[in-house]
Amino acid sequence: MSVHVRRRAEGDLGICVEILAEVHRHSGYPVNWPERPGDWLTPESLLATWVAELDGHVVGHIALSRADGGDLAAGLWAARTGTGIERTAVVGRLFVSPTAHGLGLGAALMEQAVEEARTRGLHPVLDVVTANTAATALYERLGWELLDVVRERWRPDQVVTLGCYAAPAGTRCGATLSQPCACCPGTHV
């Protein structure tokens, strides 16, 4: 079995939408099916995307985006660290085909996104619907810190509970003692 994570190519979008539909049917992610799933996987704030391949077939996806005012975890991290949300990067659009669960692909995709964020001098954050216990378990297993649990109205008839997480502080962002970074302040001592 050969597992590989690489940047998403233009030709991957169709299969990513198919896998997303499979994941939506299987586990309800995303909670609300997007009108244009290809656009949903390619938001304007996008910094980078990756896919996971299993034996040469795309089976997973992740995206890294700039934070905006609607990203709760970015706001919580910024308030906690005294920085702006522009010092964060939002990890999202993470999914793995149900046929490839349990192979470590979610963790491998997360590693790529975190590494990219840190390379850019940004601290990775994310919001997750707490009902998605598999995703929540992955983030906690990877050492992500729960910043807060909040309820948010997504539609007039829909209120969701979100867990807001921040990646663990680390030195993989390239900081040194003499040149600390903004993504994980106070951690390079």
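Before reading on, note that the structure itself is shown above.
Please read these numbers as outputs of a predicted model, since none were measured by experiment.

A closer look at the pairing of strand β7 (residues 158-166)
The side chains of a regular strand alternate, first on one face of the sheet and then on the other.
Link 1 in the chain: Of all nine residues in β7, seven are buried; the element is thus mostly enclosed.
Link 2 in the chain: Judged from the five bridges that link them, strand β5 (residues 123-129) and β7 form a sheet pairing that is antiparallel. When the sheet's bridge partners are listed, V129 is paired in β7 with L162.
Link 3 in the chain: In the sheet, strand β6 (residues 145-155) pairs with β7 via nine bridges, with the strands oriented antiparallel. Across the sheet, residue L146 finds its bridge partner in β7, namely Y165.

Observations concerning helix α5 (residues 133-141)
Link 1 in the chain: Where α5 is concerned, the buried positions are A135, T136, L138 and Y139. Down the axis, α5 shows its buried residues gathered within 160° of arc, on one side only. Facing away from the buried side of α5, by more than 90 degrees, are the exposed residues T133, A134 and R141.
Link 2 in the chain: Against β4 (88-96), α4 (105-119), β5 and β7 lie the buried residues of α5.
Link 3 in the chain: Phi turns positive one or two residues past the end of α5, at G143, with a value near 90°.

As for the packing of aromatic side chains
Link 1 in the chain: On inspection of all chains with the given rule, the structure shows three aromatic pairs.
Link 2 in the chain: Through pairs of rings, three or more aromatic residues link up here, namely Y139, W144 and Y165.
Link 3 in the chain: For the cation-ring pair, R93 lies above W40, with the distance from its terminal atom to the ring centre recorded as 4.0 Å.

Points about the sheet that holds strand β1 (residues 3-7)
Link 1 in the chain: As summarised here, the arrangement of the seven strands in space is β1-β2-β3-β4-β5-β7-β6, forming an open sheet in which the pairing is mixed. Single-partner strands in this sheet number two, and they are β1 and β6. Neighbour to neighbour, the strand axes of the sheet diverge by 25° on average, direction disregarded.
Link 2 in the chain: Pairing of β1 with strand β2 (residues 46-54) involves five bridges; the strand directions are antiparallel. What sits directly across from R6, in β2, is V51.
Link 3 in the chain: Set on the sheet, helix α1 (residues 13-27) makes contact with β2, β3 (57-66) and β4; between it and β3 the angle comes to about 95°.
Link 4 in the chain: Of the strands in this sheet, β4, β5 and β7 touch α5, which is tilted by about 155° from β5.

Quick notes on the rules
- Residues numbered from 1 in each chain as written.
- Predicted model: local features only at pLDDT ≥ 70, side-chain atom pairs only at ≥ 80, totals over all residues.
- Heavy atoms only, no water.
- Buried < 20%, exposed > 50% of the residue type's maximum accessible area, 1.4 Å probe, protein only.
- Helix = DSSP H or I, 4+ residues; strand = E, 2+ residues; numbered from the N terminus.
- Pairing = 2+ DSSP bridges.
- Arc of directions from axis to C-beta.
- Contact = heavy atoms within 4.5 Å.
- Phe/Tyr/Trp six-rings, centres within 6.5 Å; stacked < 30°, edge-to-face > 60°.
- Lys NZ or Arg CZ within 6 Å of the ring centre and 35° of its normal.
- Axes fitted to C-alpha atoms, helices over the stretch in contact; angles between N-to-C directions.

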